[in-house]
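This is what each chain is made of:
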There are 2 protein chains.
Amino acid sequence: MESAAGNHSVDDISKAIIEQLQEDGRRSYAAIGKAVGLSEAAVRQRVQKLTDSGVMQIVAVTDPLQLGFARQAMLGIKVHEDVLAVASRITAIDQVDYCVVTAGSFDLLAEVVCENDQDLLLLVNRFRSIPGVSSTETFMYLSLRKQAYNWGTR
Amino acid sequence: MESAAGNHSVDDISKAIIEQLQEDGRRSYAAIGKAVGLSEAAVRQRVQKLTDSGVMQIVAVTDPLQLGFARQAMLGIKVHEDVLAVASRITAIDQVDYCVVTAGSFDLLAEVVCENDQDLLLLVNRFRSIPGVSSTETFMYLSLRKQAYNWGTR
DNA sequence: AGTGAAACGACCGTAGA
DNA sequence: TCTACGGTCGTTTCACT
């Protein structure tokens, strides 16, 4: 987490390559090469660099619902202690899949994934017992409307 | 968005396959087969099914900061109209990469990506002018601490 | 940083248990 | 749903620009 900012060695060709891989992470380098006007080897080198430097990673993303995780929620958290210390206690929890320090009426936002309401209840209680946490507010997910991975390449 | 829920045809072997692809979305079917004890063709068929049914997708995920998008924020939104109608206006905005209907003191949460503070300001104003939106609250991202894609396979 | 060529390995369709 | 196998295509390495 927390990558080096402002690495500006990502040119338009690399962006085009990223765009291809956002559509299909397994598209062949040869096919990408045809699309962006580069040889297969050149594409492979660029992809290597992009992944090594952390600009991009190619991963499987899953649908919680279809894997039996029927409850998701965002927790808004207020803190009365070092935010990063609290954050590290939160990120250590398996069921937390996303956590960010924010400026605003919450100090932290954490997205959690669980199987049912009971698990969610237990989890929220667990959050409230974390040292440094003043309060939590729960936003239960009713319907995911958008999850895009393809910005930044337009 | 909004997949069919509770599809329980994802057995342990498929979960093991998913786990492999969460580590590296381009790992070869042969290598995965070795790891999970299946032939290359069987792995291929299962991956095909998993992606066709939307349980899983293999995509490139990028780091906003390294692509020159220095400002991210979560917007908490209250609505005085059909939530889904408002949601569809919001998801139509390019800079929105994530949007979910919630139960709680916000009706919607939307994550936005932009290049700088000025763009963010414009974007927030744009949100406030969307028909049906009563209010918005902005949580500016200061530091991303966790972004996991590998739950549900443990 | 890029190309091109040859050896290798992965992928895909089909057939069969 | 799995394995087995052969043809095709993608990937890797290397020498070169």
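Attention here is on the structure that accompanies the text. Everything numeric here is computed off the predicted structure, so don't read it as measured data.

A few words on the overall build of chain A. A count of helices and strands for chain A gives 5 helices and 5 strands. Starting at the N terminus and ending at the C terminus, chain A contains elements arranged as α-α-α-β-β-α-β-β-α-β. Compactness check: chain A gives a C-alpha radius of gyration of 20 Å against a globular reference of 15 Å for 154 residues, more than 25% above the reference. When each of the 154 residues of chain A is scored for burial, the buried share is 46%. Considering only contacts in chain A between residues 6 or more positions apart, those separated by 24 or more positions represent 63%. Accessible area for chain A stands at about 7100 Å²; split by element, carbon and sulfur atoms hold 49% of it. Side chains of chain A carry 15 positive and 19 negative charges; the gap between the two charge centres is 5 Å.

This next bit is on the sheet that holds strand S2 (residues 71-79) of chain A. Pairing is antiparallel in the closed barrel, where 8 strands are placed in the order S2(A)-S4(A)-S3(A)-S5(B)-S2(B)-S4(B)-S3(B)-S5(A). For this sheet, the mean inter-axis angle between neighbouring strands, taken without regard to orientation, is 35°. Examined bridge by bridge, strand S5 (residues 133-147) of chain A and strand S3 (residues 96-103) of chain B share 6 bridges and lie antiparallel to one another. Paired with Leu144 of chain A across the two strands is Val100 of chain B, which belongs to S3 of chain B.

Tallied over the full model, the rule gives 10 salt bridges over all chains. Its salt-bridge partner being Arg44 of chain A, residue Glu40 of chain A comes within 3.0 Å of it at the nearest N-O pair. Note that Glu40 of chain A and Arg44 of chain A are positioned in helix H3 (residues 40-52) at a spacing of 4 residues, about one turn of the helix. A relative accessible area of 39% means that Arg44 of chain A is categorised as partly exposed. Here Asp117 of chain B makes a salt bridge to Arg71 of chain B, at a shortest N to O gap of 2.4 Å. Placement of the pair is Asp117 of chain B in helix H5 (residues 117-128) and Arg71 of chain B in strand S2 (residues 71-79), with a sequence separation of 46 residues. Since its relative accessible area comes to 26%, Arg71 of chain B is described here as partly exposed.

Okay, the environment of Leu21 of chain A next. Relative to the helices and strands, Leu21 of chain A resides in helix H1 (residues 12-23). As for Leu21 of chain A and Glu81 of chain A, which are separated by 60 residues in sequence, their C-alpha atoms are 41 Å apart.

When chain A is fitted to chain B, the residual RMSD is 0.1 Å, and the transformation amounts to a turn of 180° plus an axial shift of 0.1 Å. Overall, the copies show the geometry of a two-fold rotation axis.

What follows covers the nonpolar core. Among the nonpolar cores identified, the biggest contains 36 residues, and Leu21 and Met56 of chain A together with Leu21 and Met56 of chain B are the most heavily contacted of them. Breaking this core down by element, the ones donating at least two residues are H1, helix H2 (29-36), H3 and strand S1 (56-62) of chain A together with helix H1 (12-23), helix H2 (29-36), helix H3 (40-52) and strand S1 (56-62) of chain B.

Time to look at the protein's contact with DNA strand C. By nearness alone, every residue bordering DNA strand C is listed as Arg26, Ser39, Ala42, Gln45, Arg46 and Lys49 of chain A together with Ser28, Tyr29, Ala30, Glu40 and Arg44 of chain B. For DNA strand C, the fraction of protein-proximal atoms (within 4 Å) that sit in sugar or phosphate groups is 67%. Contacts to DNA strand C include Ser39 of chain A, whose side-chain N or O atom sits 2.4 Å from a phosphate oxygen. Of all the secondary-structure elements, those providing two or more residues to the surface near DNA strand C are H3 of chain A together with H2 and H3 of chain B. No other element matches the 4 residues that H3 of chain A contributes to the surface near DNA strand C. Grouping the amino acids of the surface near DNA strand C by side-chain chemistry returns 3 nonpolar, 3 polar and 5 charged.

In this section: the protein's contact with DNA strand D. Taken together, 13 residues are adjacent to DNA strand D, and Tyr29, Glu40 and Arg44 of chain A together with Ser39 and Arg46 of chain B come closest. Among the atoms of DNA strand D close to the protein, meaning within 4 Å, 68% are from sugar or phosphate groups. In this structure, a phosphate oxygen belonging to DNA strand D sits 2.9 Å away from a main-chain N or O atom of Tyr29 of chain A. Note that a phosphate oxygen of DNA strand D is positioned 3.3 Å from one of the side-chain N or O atoms of Lys49 of chain B. Within the residue set of the surface near DNA strand D, elements represented by two or more residues are H2 and H3 of chain A together with H3 of chain B. Of the residues forming the surface near DNA strand D, the biggest block, 5 residues, is contributed by H3 of chain B.

Quick notes on the rules
- Residues numbered from 1 in each chain as written.
- Chains lettered and ligands numbered in written order.
- Predicted model: local features only at pLDDT ≥ 70, side-chain atom pairs only at ≥ 80, totals over all residues.
- Heavy atoms only, no water.
- Helix = DSSP H or I, 4+ residues; strand = E, 2+ residues; numbered from the N terminus.
- Rg over C-alpha atoms; globule rule 2.2 N^0.38 Å.
- Buried < 20%, exposed > 50% of the residue type's maximum accessible area, 1.4 Å probe, protein only.
- Contact = heavy atoms within 4.5 Å.
- Areas by Shrake-Rupley, 256 points an atom, 1.4 Å probe, with all protein chains shown as cover.
- Lys, Arg positive; Asp, Glu negative; His and termini not counted.
- Charge placed at Lys NZ, Arg CZ, Asp CG, Glu CD.
- Pairing = 2+ DSSP bridges.
- Axes fitted to C-alpha atoms, helices over the stretch in contact; angles between N-to-C directions.
- Salt bridge = Lys/Arg side-chain N within 4 Å of Asp/Glu carboxyl O.
- Least-squares fit on C-alpha atoms with pLDDT ≥ 70 in both.
- Core = buried A, V, L, I, M, F, W, Y, C linked by side-chain atoms within 4.5 Å.
- Near = heavy atom within 4 Å.
- Polar contact = N/O pair within 3.5 Å; in protein donor to acceptor, adjacent residues only side chain to side chain.
- Nonpolar A, V, L, I, M, F, W, Y, C, P; charged D, E, K, R; others polar.

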